[in-house]
Amino acid sequence: MRWDRKLKFVQCPEGELQKRKEVVHTVTLHEVDVINSRQQGFLALFSGDTGEIKSEVREQINQKVAEWREEGKAEIVPGVLFIDEVHMLDIECFSYLNRALEHDMAPVLIMATNRGITKIRGTSYSSPHGIPIDLLDRLLIISTSPYTERDTKQILSIRCEEEDVEMSDEAMLVLTKIGMETSLRYAIQLITCASLVCRKRKGTEVSVGDIKRYTHCFWTKRDLPSTLKNATRNLCSTKIKDETKAMEVS
């Protein structure tokens, strides 16, 4: 063994070995409010009964979180609030959303609707999608387009995989055509029905006959106006003509 002259021996340190570990906790602002508004502290989250949280507690928490944010001790990750069928909200709900979006800790708001020009609930005014104009100014509206035949076929194929349904190529083409002529949801519902027929006849994959067997058993939205108009005498309604005319217009 050869020793280098520059080699130096260092005395081994004594005492306990200390470690420094950084722990990151991910909590919501509501959980912080609950912890600070109950005597149980952290255990209040598991009791289930959070009760009413005072506005003073919320303001103190917001100030403290803002200080932690400036000091680099905390990071605010905005949540996502998704509201489907947003045209069902009334003017009071929209007013609350307008005020909530002005807050520094407001979540990312995503709204969806299939309405055009319609009346704002709680008022006599109409606006695009039933949303007040001042709230529309805050939104980024994403333009959508109808599904193409290729998109419809791909969605139906994925649905068949999720339901473990084997379907022939011819049956998939027929189902895609039905989805283009009626609606995608109607075609998806036919997958389950055709699968049951295939199992009953002990087949391995859904055929064209399995699909066509159920197409005449269920009505589509295009069949309803003419069907209801012809069946007026058998229905308990006096406004069937007006409703049928409204459905034809829409």
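Residues numbered from 1 in each chain as written. Predicted model: local features only at pLDDT ≥ 70, side-chain atom pairs only at ≥ 80, totals over all residues. Heavy atoms only, no water.

### Some details on the side chain of Thr-176
Topologically, Thr-176 is positioned in helix H7 (residues 169–181). Taking the relative accessible area as the measure of exposure, Thr-176 reaches 1% and is therefore buried. The residues contacting Thr-176, other than those within four sequence positions of it, are Glu-149, Thr-152, Lys-153 and Leu-156. (Helix = DSSP H or I, 4+ residues; strand = E, 2+ residues; numbered from the N terminus. Buried < 20%, exposed > 50% of the residue type's maximum accessible area, 1.4 Å probe, protein only. Contact = heavy atoms within 4.5 Å.)

### What about the pattern of salt bridges?
Counted under the stated rule, the structure contains three salt bridges. Where Arg-159 meets Glu-163, a salt bridge forms, and the shortest distance between an N and an O atom there is 3.0 Å. By relative accessible area, Glu-163 is classed as partly exposed at 24%. Residue Asp-210 pairs with Arg-201 through a salt bridge whose shortest N-O separation is 2.8 Å. (Salt bridge = Lys/Arg side-chain N within 4 Å of Asp/Glu carboxyl O.)

### Let's talk about the confidence of the model for the protein
Mean pLDDT over the protein: 80, with 81% of residues reaching 70 or higher. No element of the protein has a lower mean pLDDT than helix H11 (residues 240–249), at 46, and none a higher one than helix H6 (residues 149–162), at 93. Contacts of residues 240–250 to residues separated by more than four positions or lying in other chains number nine contacts, the stretch itself having pLDDT below 50. (pLDDT = per-residue confidence, 0-100.)

### A look at the environment of Arg-121
Tracing the chain through its elements places Arg-121 in the loop between strand S3 (117–119) and strand S4 (126–128). Sequence separation between Arg-121 and Leu-89 is 32 residues, and the spatial gap between their C-alpha atoms is 6.6 Å. In this structure Arg-121 touches His-87, Met-88, Leu-89, Asp-90 and Ile-91, once residues within four positions along its chain are discounted. Separated by 3.0 Å, the side chain of Arg-121 and the backbone oxygen of Met-88 make a polar contact. (Polar contact = N/O pair within 3.5 Å; in protein donor to acceptor, adjacent residues only side chain to side chain.)

### Topic: the packing of H6 against helix H8 (residues 184–200)
Two numbers describe how H6 lies on H8: the axes approach to 10 Å, and their chain directions differ by 30 degrees. Between H6 and H8, the angle is such that the two are roughly parallel. H8 is crossed by H6, and the crossing has right-handed handedness. Taking contact as the criterion, the partners of Thr-152, Ile-155, Leu-156, Arg-159 and Cys-160 in H6 are, on H8, Leu-184, Ala-187, Ile-188 and Ile-191. Residues of the contact of H6 with H8, tallied by class, amount to seven nonpolar, one polar and one charged. (Axes fitted to C-alpha atoms, helices over the stretch in contact; angles between N-to-C directions. Parallel < 35°, antiparallel > 145°, perpendicular 65-115°, else oblique. Left-handed = near helix turned anticlockwise from the far one by under 90°. Nonpolar A, V, L, I, M, F, W, Y, C, P; charged D, E, K, R; others polar.)

### Focus: unusual backbone geometry
Even without being a glycine, His-129 presents a positive backbone phi close to 65 degrees. Within the fold, His-129 resides in the loop between S4 and helix H5 (133–136). The residue Asp-164 is not glycine, and still its phi comes out positive at about 55 degrees. The exposure class assigned to Asp-164 is exposed, which follows from its relative accessible area of 68%.

### Things to note about helix H4 (residues 91–101)
Where H4 is concerned, the buried positions are Phe-94, Leu-97 and Asn-98. In a view along the axis of H4, the buried residues occupy a sector of 105 degrees, so they form one face of it. H4 presents Glu-92, Tyr-96 and Arg-99 as exposed residues on the side facing more than 90 degrees away from its buried surface. Contact partners of the buried residues in H4: strand S1 (80–84) and H5. (Arc of directions from axis to C-beta.)

### Points about the pairing of strand S2 (residues 108–112)
Consecutive side chains of a regular strand alternate in pointing toward one face of the sheet and then the other. Side-chain alternation along S2 places Leu-109 and Met-111 on a buried face and Val-108, Ile-110 and Ala-112 on a face that remains uncovered. Relative to S2, S1 runs parallel, the two sharing five bridges. Paired with Ile-83 across the strands is Met-111, a residue of S2. Of the crossover connections in this fold, the one passing from S1 over H4 to the parallel S2 is right-handed. (Pairing = 2+ DSSP bridges. Right-handed = clockwise from strand over helix to strand, strands pointing away.)

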